[in-house]
Amino acid sequence: MTKAKTTHFDTLTLHAGAHPDPVTGARATPIYQSASFVFSDSDHAAALFNMERAGHIYSRISNPTCAVLEERVSALEAGVGAVAVASGQAALHLAIATLMGTGAHIVASRALYGGSHNLLDFTLPRFGITTTFVAPHDLDAWRAAIRPATRLLFGETLGNPGLDVLDIPRIATLAHEHGLPLLVDSTFTTPYLARPFEHGADLVYHSATKFLSGHGVVIGGLLVDGGTFDWERSGKFPTLTEPYAGFHGMVFAEESTTAAFLLRARREGIRDFGACMAPMTAFQILQGIETLPLRMQRHVDNTRRIVAFLTTHPLVEQVGYPELPTHRDHALAQKLLPRGCGAVFSFSIRGTREQGRKFIEALRIFSHLANVGDAKSLVIHPASTTHFRVAAPDLRAAGITEGTVRLSVGLEDADDLIEDLSRALHAAGKA
Amino acid sequence: MRIVVDGHAVYAYTGGRAFDAALPTLVFVHGAALDHSIWGLQSRYFAHHGHNVLVVDLPGHGRSGGAALSSVRKLADWLVALLEAAGIAQAALIGYSLGSLTVLDAAGRYPARVSRLVLLGASAPMPVAAVLLDAARANDHLAYELITGWSYSAAHQLGGNQQPGMWMTGNGLRLMERCAPGVLHADLLACHEYADGLAAAAAVHCPVLVLLGERDQMAPPRHAQALITALGDPRVLTLAGCGHNLMAEAPDAVLDALREFLRQRTDAPQPAIGKAW
């Protein structure tokens, strides 16, 4: 049988969007550390400004190094394009600001990164955008929360911190039944473990600070458009289907059948809000993506070793990893995440809050800090850090207790990581 | 804008400017399973540089009503009917792939309607591989994948889009996937069965530009030689390193070629570009 010519994932992680530099022959993607780009003449300048020619004008709007990263992540996600932004939070804000304004409503999974929860629950209401949070597993709750003003459904591939697996196919179907897009934060999984567009999601974003870059030295985000959502048929998105006075009356859905969202995100959102990515940051994220398949597999392999260790330890009350049959979403994880469930998970220490503190302080290889997805192993106590603003009932609803510890398993030798955990648990037991 | 042709509403993008039949008109015609949006950059340029631009969605494609037409001849007749309905006596016709055959046939049979002719990714005949036709007939997604694999040069399969942030093969695939079942097959069959291309070419008397991709696997440049010969003395430009999807792979080169060919009008006064940042 004839097969279509395709370039495989691992090759795309190294090559998508990039070619040897035509002027210098440089094989690595150059860092175009330039705020702006020269016009060849006045006609060229006008044509670039008016979207008659493709190219770069000013690095807040687009930059050649950032564009390589945008293409690469689009290719890995099987989307149509992307916008690189200053952080994952900037990506979430850009998605929302592109789609809606005051009076609009979002339905979101309750199992979210604390920063996303802050934006939705505390900050956006000040701008007239409200959110109803629902249990990620409760499809009826998602359905019941949708109102006429709803403009977006939103969740994480693996909910933070309990690793609730988002049932993307069912929630996407529900969203589409209501003429709404589904936005997915895929930071924990990266396209190596999950490609949400293939399951029905419409928009995906990443905090590239995490596994995409892998080195923990940059802050960045990517917002990717799957190109499948029909904004005109929905009729709920005038920002994309009606003339925009801020760009000569442009109707973005007429300009681009598949990428109207990205056009508006770049031509308005990045232009006006300005949360762009620096070219050096894009270069560093590209360096990380080149080894994404190798790293993610090692992250998952190490995580499986550690999960197996913890599940048999007497001081460990519970381990929340979807590959375990005891996890609520085990079956769903097997279906949607066959390559693995990532390297961030939580477990609960059987003991007091003091014992939890002792455990974290006794670790030597795991670094106690507020990040995940580093090549180095990390640990944090969510109740006192990432989720400290979350009220107790919401905390419990998100599956977090005072004894919950979150690990981000790195690329060290798994034996060393297990030894570190074993010693810290022993110290906690004596506390 | 929308125009009623043969009882169906037809959508035509006008490049961000109001339709103005008093200006010289350029009509852009897309290829199989595509729509007007493939011409975005080029059509906007001409619309803002002294031309009236009509970038059509063929029947059954994009925002246009009706069913996909089953032959190039019908498409050409439809195109001329569109000009009539829009009140345009004569236009420069610019067509890509299936669209190139459409405008070629229109120029051959309705010479008074056509001031200039541009054929992109063209050949005549334009045979379609059996495996592709079969997949399209079965509405098998393989058809879109095969076209995507054959429509970009090997280099451009890895990207390098001049449009910042856009992944060109993914975007092309998504656009085709929007077609209703049967549309791709109708389009490909129209290409495959069109046997009048050389006769139409011989009947063309207006200036012609043939724009080819050096690495085109859908309509290889060597297959265009008979067409070029039949056209007499067309201007021929082969874009180095490009596959079939010229507008995506080399948007500036395509625009520059069109500007050069249509340059009598491109030196018209430019409208002011108001808003910047």
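Residues numbered from 1 in each chain as written. Chains lettered and ligands numbered in written order. Predicted model: local features only at pLDDT ≥ 70, side-chain atom pairs only at ≥ 80, totals over all residues.

Looking at the overall build of chain B
Thinking step 1. Of regular secondary structure, chain B possesses twelve helices and eight strands.
Thinking step 2. In terms of overall dimensions, chain B is globule-like: its C-alpha atoms have a radius of gyration of 17 Å, near the 19 Å expected for 277 residues.
Thinking step 3. For chain B, the C-alpha atoms occupy an extent of roughly 50 × 45 × 40 Å along the three principal directions.
Thinking step 4. Across the 277 residues in chain B, those meeting the buried criterion constitute 59%.
Thinking step 5. Counted over contacts in chain B with a minimum sequence separation of 6, partners at least 24 positions apart contribute 77%. (Helix = DSSP H or I, 4+ residues; strand = E, 2+ residues; numbered from the N terminus. Rg over C-alpha atoms; globule rule 2.2 N^0.38 Å. Buried ≥ 20, exposed ≤ 12 C-beta atoms within 10 Å, placed from the backbone. Contact = placed C-beta atoms within 7 Å.)

A few points about the packing of helix H5 (residues 142–150) of chain B against helix H6 (residues 168–177) of chain B
Residues and elements named next belong to chain B.
Thinking step 1. Where H5 meets H6, the axes come as close as 10 Å, and the angle between the chain directions of the two elements is 145°. Crossing hand, H5 versus H6: right-handed. On H6, the residues that touch Tyr144, Ile147 and Thr148 of H5 are Thr169, Gly172, Leu173, Met176 and Glu177.
Thinking step 2. Grouping the constituent residues of the contact of H5 with H6 by class yields four nonpolar, three polar and one charged. (Axes fitted to C-alpha atoms, helices over the stretch in contact; angles between N-to-C directions. Left-handed = near helix turned anticlockwise from the far one by under 90°. Nonpolar A, V, L, I, M, F, W, Y, C, P; charged D, E, K, R; others polar.)

Regarding unusual backbone geometry
Thinking step 1. Going from Ala124(B) to Pro125(B), the amide bond is cis rather than trans, its omega being 0°.
Thinking step 2. Following the sequence through the fold, Pro125(B) ends up in the loop between strand S6 (114–120) and helix H4 (130–137).
Thinking step 3. For Met51(A), which is not glycine, the phi torsion reads 60° and is therefore positive.
Thinking step 4. Mapped onto the secondary structure, Met51(A) falls in the loop between helix H2 (42–49) and helix H3 (64–77).

With respect to the sheet that holds strand S12 (residues 404–408) of chain A
Residue and element names in this part refer to chain A.
Thinking step 1. The strand order across the open sheet formed by five strands is S8-S9-S12-S11-S10, and the pairing between neighbours is mixed. A single partner strand is all that each edge strand has here, and the edge strands are strand S8 (316–320) and strand S10 (367–368).
Thinking step 2. Strands S8 and strand S9 (344–349) of the sheet are contacted by helix H14 (residues 292–311), whose axis makes an angle of about 150° with S8. (Pairing = 2+ DSSP bridges.)

Some points on the interface of chain A and chain B
Thinking step 1. Listed by partner, the interface residues are 45 residues for chain A and 42 residues for chain B.
Thinking step 2. Mapped onto the side of chain A that touches chain B, the elements with two or more residues apiece are H2, H3, strand S1 (81–85), helix H11 (252–255) and helix H12 (260–273) of chain A.
Thinking step 3. For the side of chain A that touches chain B, the leading source of residues is H3(A), giving five residues.
Thinking step 4. Partitioned by chemical class, the residues of the side of chain A that touches chain B number 17 nonpolar, 19 polar and nine charged.

Quick word on the domain arrangement of chain A
All names here are of chain A.
Thinking step 1. When cut into domains, chain A gives domain 1 (9–288) and domain 2 (292–430).
Thinking step 2. Summarising the inter-unit geometry, the C-alpha centres of domain 1 and domain 2 are found 29 Å apart.
Thinking step 3. Taken together, the 31 residues of domain 1 in the interface contact 38 residues of domain 2.
Thinking step 4. When residues of the side of domain 1 that touches domain 2 are traced back to their parent elements, those giving at least two are helix H1 (9–15), helix H5 (114–123) and helix H8 (190–193).
Thinking step 5. Looking at the side of domain 1 that touches domain 2, its residues break down into 13 nonpolar, 13 polar and five charged. (Domains from an automatic or database assignment.)

Quick word on helix H7 (residues 168–177) of chain A
Residues and elements named next belong to chain A.
Thinking step 1. Inspection of H7 places Ile168, Ile171, Ala172, Leu174 and Ala175 among the buried residues, and these make up the whole buried set. In an axial view of H7, the angular spread of the buried residues amounts to 160°, which keeps them on one side of the axis.
Thinking step 2. Lining the buried residues of H7 we find helix H6 (139–145), strand S4 (150–156), strand S5 (182–185) and helix H15 (330–336).
Thinking step 3. Positive backbone phi, approximately 65°, marks Gly179, located one or two places after H7. (Arc of directions from axis to C-beta.)

Focus: the environment of Tyr244(A)
Thinking step 1. Its place among the elements puts Tyr244(A) in the loop between helix H10 (238–241) and H11.
Thinking step 2. Spatially, the C-alpha atom of Tyr244(A) lies 9.2 Å from that of Arg264(A), the residues being 20 residues apart in sequence.

Focus: the confidence of the model for chain B
Residues and elements named next belong to chain B.
Thinking step 1. The predicted model of chain B averages 94 in pLDDT, with 95% of residues at 70 or higher.
Thinking step 2. With pLDDT under 50 throughout, residues 265–277 is counted as low confidence; its partners more than four residues away or in other chains account for 20 contacts.
Thinking step 3. Here the predicted complex carries an ipTM of 0.93, next to a pTM of 0.95. (pLDDT = per-residue confidence, 0-100.)

So, the pairing of S12(A)
Residues and elements named next belong to chain A.
Thinking step 1. Within S12, five of the five residues are buried, which leaves it mostly tucked inside the rest of the structure.
Thinking step 2. Every second residue of S12 is oriented toward a common face, with Thr404, Arg406 and Ser408 on one face and Val405 and Leu407 on the other, all of them buried.
Thinking step 3. Pairing of S9 with S12 involves five bridges; the strand directions are antiparallel. Residue pairing for S12: Val344 is matched across the bridge by Ser408.

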